[in-house]
Amino acid sequence: MSSKISNRKTQVVNIGGVKIGGGNTIAVQSMTNVPTSDTGRVIAQIKSLQDAGCDIVRFSVPDEASAAAIDKIKEQTDIPLVADIHFDYKLALMSIERGIDKVRINPGNIGGEDKAKAVAAAAKKNNVPIRIGVNGGSLEKGFLEKCGGNLAEAMVESAQGHVKILNKFDFDDIVLSMKSSSVKTTVEAYRLASETFDYPLHLGVTEAGTTAQGIVKSAVGIGSLLLDEIGDTIRVSLTDDPCREVYAAKQILRSLDIGGDYVEVVSCPTCARTKIDLIPIANKINDIVSDIKKPLKVAVMGCVVNGPGEAKDADVGIAGGDGCAVLFKHGELIKKVKESEIINALLEEIYEMTK
Ligand code: SF4
């Protein structure tokens, strides 16, 4: 779990032991992308996501075979699980019966209030929260016109309708999301939602795209909201391996100093002054330290002009020379090493300082 929090006070929602909202730490979520009924693959993917640092995993439940698989998935995993359901309330009831930790369903889209009442009653009885997930691309008819074409307002209006239905059946254990593939609309919708509701907010820019574009859009959208102290759980949406979503989410949190303990590698962009092959050195160090959960700042700098200043500011670092580098530790120059020895020399110090 990430170490610091949004200051916006919302209700607290407990998702299988992970509490979000009300000042709790921001939880990282992701979603599996293999058939949920293929239990072997889905369980393996859930475990990979957990190893990558995911706090809550969601999977789609598009049919009864997927809902029936929840027994086995629950039995063989130990991370809170969310069933993503569209339209079919029976799948929600089946998932709740099988011990799912949260359901994502929009109660206004499941074919009538009697069905919403049944889902609310089952969820309440089993302490299962419901996320109402409003998506700009699949907004119900009429809202956009009613809001004069303002999509962010229309999304909040739609959420209000779903919330009212659950509240009517005495259900209040709610999380909300307002995702759009437009960063600006997403940010606007969540800002409005945070003024309108006291429920925890699940942040995400939906259909953000392939890796590089998706990370940038998510970082801008989610990052802007977190800086506004809005958001209680986040999901980066990428057309890629879901573990990459978790790495990206953790990087977003870390860039805002809310990512828990980790080794921060600062490295220079290289320029005409660089006389060592710095890029692979920085990448290698970054890869190797990515699993170390200790607070440490490592500098990998290309030259002795600007390098030593940054390197000295770090706990440990190098500043490159011509085919060599100087090693700094806590601001002190400790030795000079050949280019071929830079990685090992730096790693030796990092391991010593984080053991
Ligand atoms: S630290 Fe040195 S090598 Fe790196 S970008 Fe700055 S001036 Fe260039």
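Parameters and conventions
Residues numbered from 1 in each chain as written. Predicted model: local features only at pLDDT ≥ 70, side-chain atom pairs only at ≥ 80, totals over all residues. Heavy atoms only, no water. Pairing = 2+ DSSP bridges. Helix = DSSP H or I, 4+ residues; strand = E, 2+ residues; numbered from the N terminus. Axes fitted to C-alpha atoms, helices over the stretch in contact; angles between N-to-C directions. Expected span 1.5 Å × (residues − 1). Buried < 20%, exposed > 50% of the residue type's maximum accessible area, 1.4 Å probe, protein only. Contact = heavy atoms within 4.5 Å. Domains from an automatic or database assignment. Parallel < 35°, antiparallel > 145°, perpendicular 65-115°, else oblique. Nonpolar A, V, L, I, M, F, W, Y, C, P; charged D, E, K, R; others polar. Polar contact = N/O pair within 3.5 Å; in protein donor to acceptor, adjacent residues only side chain to side chain.

A. The arrangement of the sheet that holds strand β11 (residues 263-267) in detail. Here five strands make up an open sheet; going across it, the order is β11-β12-β13-β14-β15 and the pairing mixed. Every other strand in the sheet has two partners, leaving β11 and β15 (332-338) as the edge strands with one partner each. Within this sheet the neighbouring strands show an average axis-to-axis angle of 20°, counted without direction.

B. Expanded view of helix α1 (residues 39-52). With 14 residues, α1 ought to run about 20 Å at 1.5 Å a step, and its terminal C-alpha atoms sit 20 Å apart, in line with that. All buried positions along α1 are accounted for by T39, V42, I43, Q45, I46, L49 and A52. Looking at the packing, one finds that the buried side of α1 touches β3 (27-31), β4 (56-60), α3 (70-75), β5 (81-84) and α10 (242-255). Two residues or fewer past α1, G53 is found with a positive phi of approximately 110°.

C. Quick look at the domain arrangement of the protein chain. When its domains are assigned, the protein chain resolves into domain 1 (13-255) and domain 2 (263-354). Here the C-alpha centroids of domain 1 and domain 2 sit 40 Å apart.

D. Local environment of the packing of helix α4 (residues 89-97) against helix α5 (residues 113-125). Contact pair α4 / α5: the axes reach a minimum separation of 10 Å and the direction vectors enclose 10°. With respect to α5, the axis of α4 lies roughly parallel. Residues Y89, A92, L93 and I96 of α4 touch α5, and the partners they reach there are K115, A118, V119, A122 and A123. Split into classes, the residues belonging to the contact of α4 with α5 amount to eight nonpolar, no polar and one charged.

E. View of the sheet that holds β4. Strand order across the open sheet formed by eight strands is β8-β7-β6-β5-β4-β3-β10-β9, with parallel pairing between neighbours. Both outer strands of the open sheet, β8 (174-179) and β9 (202-203), are each paired with one neighbouring strand and no more. Here β4 pairs with β5 via four bridges, running parallel. In the sheet register, R58 faces β5, and the bridge partner there is V82.

F. Looking closely at helix α7 (residues 151-168). Taking 1.5 Å of rise per residue, 18 residues should cover 26 Å, and α7 covers 26 Å from first to last C-alpha, within 8% of that figure. Where α7 is buried, its residues contact α5, β7 (130-135), α6 (143-146), β8 and α8 (183-196). Two to three positions downstream of the cap, the backbone nitrogen of A152 sits 3.1 Å from a side-chain oxygen, assigning the N-cap of α7 to N150. Phi turns positive, to about 60°, at D170, one or two residues after α7.

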